[in-house]
Amino acid sequence: MKQYKIAVVGATGMVGRKFLQVLEERNLPASEYFLFASERSAGKKITFMGKEHTIIATTEEEIAAHPVDIALFSAGGGTSLKFAPVFVANGAVVIDNSSAWRTDPEVPLVVPEVNAHALKGFKKKGIVANPNCSTIQAMLPLKALNDKFGIERVVYSTYQSVSGAGQKGWEDLENGVKGIAPQKFPYPIAFNCLPHIDVFLPNGYTKEEEKMMFETRKILEAPDMKITATTVRVPVFSCHSESINVQLKKPFELSEVFAAFEEMEGLIVMDDPANNVYPMPCIAVNTDPVYVGRIRKDESVENGLNIWVVADNIRKGAATNAVQIAQKMIEMDLI
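Because the structure is a prediction, the values reported are computed rather than measured.

Colleague: Just checking my understanding: could you explain the sheet that holds strand β9 (residues 151-160) for this structure?
Modeller: Think of a sheet as strands paired side by side through backbone hydrogen bonds, with each pair either parallel or antiparallel. In spatial order, the strands read β10-β9-β11-β14-β13-β12; together these six strands make up an open sheet with mixed pairing. Unpaired on one side and paired on the other, β10 (226-233) and β12 (267-269) mark the two borders of the sheet. Neighbour-to-neighbour, the strand axes of this sheet turn through a mean angle of 25 degrees, independent of strand direction. Packing against the sheet, helix α7 (residues 207-219) makes contact with β9, β10 and β11 (240-248), and its axis sits at approximately 140 degrees to β10.

Set out below in structure tokens:
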């Protein structure tokens, strides 16, 4: 089997460290790894794959000096815009976790279980975009529903953990419990909910909400799908939860919905109300699947359905999905 040289860019950050954990677990056919980060982190040592690695500064010179086949990016949008093309110019396929390339029509936006076929379009720019964490977990159940019944409308209500805001968001919750003023969020997150993720736009939506709406349409290849969203930051360290209300195009029986979900790769059904079985962050944390439960008809609208979806936003919502993209590209012999 062919062996690949792989770079992790942003290896010292919260998601970058999770990339390393997932890569160790999944054991890709890699001959060599190079760990890149900011210049201030250059020279630090990280033990990975049983070997001590020295952090390399993300500069054009160092990228040229360490050519790779695959570059996994988790270093922020500005870094991705600047250095992803440099890696591509040096022969790499870039899988980017930031928002920098998601809206580019020439860059595939991929959840491997849902639209792996889109990966074939990566050659236009040499880049594949990882969707937003809150979008990724919604795609598995929505793909199952869309394939079987068609989707008329989606209403997202999300309950997103502080880890989605990075290390500073995590620290705001830790410190807020002790009564320390927030540094990341505009208000305390401890014992509170903030209906405000990313910046507000002129139409009153936040950028996070617009991301979910745009990305859902792009991934499901449904540019006219009716979607609205409200995204909320909640005082939970890890894992995003989502209440998704769906109006389907065809009538359905709940047994058909359960069957569609149970057949969907990467999706686990947890739905037994009589025994209080439903998805929760404490179940999903540090796992790769997406969990769905509270599956019930919305009796206020024709062909309406309510579901509750939970996943680890740092694993499936970031690191795991990106690594799965790399695995799928290797399987499809695209690299």
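Colleague: How should I be thinking about a nonpolar patch on the surface in this particular structure?
Modeller: A cluster of nonpolar residues, Y278, M280 and I283, forms a patch on the protein surface that exposes about 210 Å² of accessible area. Within the fold, I283 resides in helix α9 (residues 281-284). The exposure class assigned to I283 is partly exposed, which follows from its relative accessible area of 30%.

Colleague: Looking at this model, I keep getting lost on the packing of aromatic side chains. Mind explaining?
Modeller: The relative placement of two aromatic rings is captured by the distance of their centres and the angle of their planes. Taken as a whole and assessed by the stated rule, the structure comprises six aromatic pairs. Both rings, one in Y33 and one in F48, keep their centres 4.9 Å apart while their planes meet at 80 degrees; by these two values the pair is edge-to-face. Note that Y33 is positioned in strand β2 (residues 30-37) and F48 in strand β3 (residues 45-48), a separation of 15 residues in sequence. Accessibility classification places Y33 together with F48 in one group, the buried group. Between the aromatic rings of W170 and F237, the centroid separation amounts to 4.7 Å while the plane-to-plane angle is 35 degrees, which identifies the pairing as tilted. Of this pair, W170 sits in helix α6 (residues 166-177) while F237 sits in the loop between β10 and β11, and the two are 67 residues apart along the sequence.

Colleague: Looking at this model, I keep getting lost on the nonpolar core. Mind explaining?
Modeller: Considering soluble globular proteins, one finds that nonpolar side chains tend to be buried as a cluster. Ranked by internal contacts, the top residues of the largest apolar core, which has 58 residues, are F87, M139, L142, L145, Y156, I244 and F261. Counting residues per element, this core draws most heavily on helix α5 (residues 133-149), which supplies eight residues. Each residue touching Y156, except ones within four places of it in the same chain, is listed here: A138, M139, L142, M212, T216, I227, T228, A229, T230, S243 and I244. One finds I6, A37, I95 and V323 within the second-largest nonpolar core, a separate group that totals 37 residues.

Colleague: Is there a simple way to explain the layout of surface pockets in this structure?
Modeller: If you add up the space inside the largest pocket, you get close to 1400 Å³. Surrounding the largest pocket, 46 residues form its lining, V15, G76, G164, A165 and G166 being those nearest its centre. Here the element with the most residues in the lining of the largest pocket is α6; it accounts for four residues. Each residue belonging to the lining of the largest pocket can be placed in one class, and the counts come to 13 nonpolar, 22 polar and eleven charged.

Colleague: Would you take a moment to explain the pairing of β2 for this structure?
Modeller: Successive residues of a regular strand alternate their side chains across the two faces of the sheet. Note: strand β1 (residues 4-9) against β2, six bridges, orientation parallel. Counted as the bridge partner of A7 is F34 from β2. Pairing of β2 with strand β5 (residues 56-57) involves two bridges; the strand directions are parallel. Among the inter-strand pairings, A37 is bridged to a residue of β5, identified as A57.

Colleague: What is the right way to read the environment of Q167 from this model?
Modeller: The topology assignment puts Q167 in helix α6. Relative accessible area serves as the criterion here: at 35%, Q167 is assigned to the partly exposed category. Separated by 49 residues in the primary sequence, Q167 and A118 have C-alpha atoms spaced 32 Å apart. For Q167, the contacting residues outside a window of four places in its chain are M14 and R17.

Cut-offs applied
- Residues numbered from 1 in each chain as written.
- Predicted model: local features only at pLDDT ≥ 70, side-chain atom pairs only at ≥ 80, totals over all residues.
- Heavy atoms only, no water.
- Pairing = 2+ DSSP bridges.
- Helix = DSSP H or I, 4+ residues; strand = E, 2+ residues; numbered from the N terminus.
- Axes fitted to C-alpha atoms, helices over the stretch in contact; angles between N-to-C directions.
- Contact = heavy atoms within 4.5 Å.
- Patch = residues over 30% accessible without salt bridge, like charges linked within 9 Å, V, L, I, M, F, W, Y side chains within 5 Å.
- Areas by Shrake-Rupley, 256 points an atom, 1.4 Å probe, with all protein chains shown as cover.
- Salt bridge = Lys/Arg side-chain N within 4 Å of Asp/Glu carboxyl O.
- Buried < 20%, exposed > 50% of the residue type's maximum accessible area, 1.4 Å probe, protein only.
- Phe/Tyr/Trp six-rings, centres within 6.5 Å; stacked < 30°, edge-to-face > 60°.
- Core = buried A, V, L, I, M, F, W, Y, C linked by side-chain atoms within 4.5 Å.
- 1 Å grid on protein atoms, 1.4 Å probe; cavity = no way out; pocket = protein on both sides within 12 Å on 5 of 7 lines; lining within 4 Å.
- Points joined across faces, edges and corners; volume = space filled by probe spheres on them.
- Nonpolar A, V, L, I, M, F, W, Y, C, P; charged D, E, K, R; others polar.

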